[in-house]
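Structural features, examined
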Amino acid sequence: MLIVMKHSAREDEIRRVVETIQDMGYEARPIPGRQRTAIGLIGNDGNVDADRLEGLPGVLQVIPVTRPYKQVSREWKDEPTLVTLQNGTRIGGNEIAVMAGPCSVESEPQILEIAHRLKEAGATVLRGGAFKPRTSPYAFQGLGVRGLELLARAREETGMAVVTEALDPEGVELVAQHADIIQIGARNMQNYSLLRRAGASGKPILLKRGMAAKIEELLLSAEYILAEGNGQVILCERGVRSFDNHTRNLLDLTAIPVVHALSHLPIIADPSHGTGVRAKVTPMARAAVAAGADGIMVEVHPNPNHALSDGAQSLYPEQFEDLMKQIAVIAMAIGRGLVPSLAEGKARGRGSRDRALS
Ligand code: PEP
Ligand code: MN
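What you are looking at is a predicted structure, and each value in this text was computed from that prediction instead of being measured. (Residues numbered from 1 in each chain as written. Chains lettered and ligands numbered in written order. Predicted model: local features only at pLDDT ≥ 70, side-chain atom pairs only at ≥ 80, totals over all residues. Heavy atoms only, no water.)

What follows is about the packing of helix H3 (residues 108-121) against helix H11 (residues 317-333). For the pair H3 and H11, the least separation of the axes is 9 Å and the interaxial angle reads 20°. The angle between H3 and H11 places the two elements in the roughly parallel class. Two packed elements cross with a definite hand, and for H3 against H11 that hand is right-handed. Residues Ile 114, Arg 117, Leu 118 and Ala 121 of H3 form the contact with H11, whose own contacting residues are Pro 317, Glu 318, Phe 320, Glu 321 and Met 324. (Axes fitted to C-alpha atoms, helices over the stretch in contact; angles between N-to-C directions. Helix = DSSP H or I, 4+ residues; strand = E, 2+ residues; numbered from the N terminus. Parallel < 35°, antiparallel > 145°, perpendicular 65-115°, else oblique. Left-handed = near helix turned anticlockwise from the far one by under 90°. Contact = heavy atoms within 4.5 Å.)

As structure tokens, then:
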């Protein structure tokens, strides 16, 4: 339930609503907005006396939130959520963020070499798995803590932000110490203890859609993170299982406008896992940007043929450079731009133009 205050509501009136909600035995969460403040009532068991709240001074309206997910819904908060990283990358606004890197961190030269190239090409977030969820227990499982340290090193050298996966609740703290964004992988989308722990870390979270998850289930999983008081959540469409085997998954680009209509959270697309086929990554990345994605996550490897995981879907660095040029044009065509490059002298898209003019 949402208690919307009048434009003219005073601080003491807002406080009184909060206290009344608490007095009724529920949690109150004020949501300041550009126009007016709303107060979310958390824990509605169906017995809330709405009349009591409606009659309080300063209250404009009491709205029942009809969706099963509450805090992630547009009903709850209409303004888009902006996830802001320390290096200035903002996800969820007009700028499109590009996250790129190898599937796995494999060695110091590998991650440093690719990080520099990606930065030069305009990516501002470096991806790379240190703890890998592999289908086979005999496949490369990642470098673990050493991988996290190498990512941190790459961040120091390049200024890129780092996104990497936490596989289990016990690993969240460790990942939080090294990463700017904690990734929750597709296989873990409904690992609720992991979601809670990641939410409680207070770090931005990248939540990937499960390979057989409905959009509503994705939003409910995000709700677990917001319920921990952490609103810095980025959703990621990474393809769902289908009957066709031309691609590894079916990248569901419809999820982008659907999520934007239902939720204030940003959503990015991962055409690498979404297709599993190198030649299909660039076309689907272009399509994702055209469909309104707030960012893309792409696997790029300095030497894909020798990658320890997901080589077949990893772009060559030159392909990534071309991709960046193409999506900058697409972004411009839909009135957006790319997050400004960290590399000096590289102005791309509207974001950097605005910065140059200001
Ligand atoms: C990944 O991004 O490295 C990954 C394992 O992705 P997903 O969880 O989408 O399979
Ligand atoms: Mn991968």
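Before going further, it helps to spend a moment on the coordination of the manganese ion (ligand 2). Within the protein, the atoms that donate to the manganese ion (ligand 2) are Cys 103 (SG), His 273 (NE2), Glu 299 (OE) and Asp 310 (OD), at distances of 2.0 to 2.3 Å. Within one chain, the residues serving as donors to the manganese ion (ligand 2) are arranged as C-x169-H-x25-E-x10-D. Here the residue Cys 103 occupies a position in the loop between strand S7 (95-101) and H3, and Asp 310 occupies one in the loop between strand S14 (295-299) and H11, the gap between them amounting to 207 residues. The two residues Cys 103 and Asp 310 agree in class, both being buried. (Donors = N, O, S within 2.8 Å, 3.2 Å for Na, K, Ca; no water. Buried < 20%, exposed > 50% of the residue type's maximum accessible area, 1.4 Å probe, protein only.)

Looking now at the layout of surface pockets. In this structure, the largest pocket encloses a volume near 310 Å³. Considered class by class, the residues forming the lining of the largest pocket number six nonpolar, two polar and seven charged. For the second largest pocket, the calculated volume is near 250 Å³. Forming the boundary of the second largest pocket are 22 residues, of which Lys 132, Pro 133, Arg 187, His 273 and Asp 310 lie nearest the centre. Per-element accounting of the lining of the second largest pocket gives the leading share, three residues, to strand S9 (residues 161-165). By residue class, the composition of the lining of the second largest pocket is five nonpolar, eight polar and nine charged. (1 Å grid on protein atoms, 1.4 Å probe; cavity = no way out; pocket = protein on both sides within 12 Å on 5 of 7 lines; lining within 4 Å. Points joined across faces, edges and corners; volume = space filled by probe spheres on them. Nonpolar A, V, L, I, M, F, W, Y, C, P; charged D, E, K, R; others polar.)

Around ligand 1 lies a shell formed by Arg 127, Lys 132, Pro 133, Glu 165, Gln 183, Gly 185, Ala 186, Arg 187, Lys 208, Arg 238, His 273 and Glu 299. A distance of 2.9 Å separates an oxygen atom of ligand 1 from a polar side-chain atom of Gln 183. At 2.6 Å from an oxygen atom of ligand 1 is found a side-chain nitrogen or oxygen belonging to Arg 238. When ligand 1 is considered free in solution it has 300 Å² of accessible area, and contact with the protein chains removes 96% of it. Cavity membership is defined here by more than half of the atoms lying within 2 Å of grid points; on that basis ligand 1 lies in the second largest pocket. Here the residues of the shell around ligand 1 sort into two nonpolar, three polar and seven charged. (Near = heavy atom within 4 Å. Polar contact = N/O pair within 3.5 Å; in protein donor to acceptor, adjacent residues only side chain to side chain. Areas by Shrake-Rupley, 256 points an atom, 1.4 Å probe, with all protein chains shown as cover. Sits in = over half its atoms within 2 Å of the grid points.)

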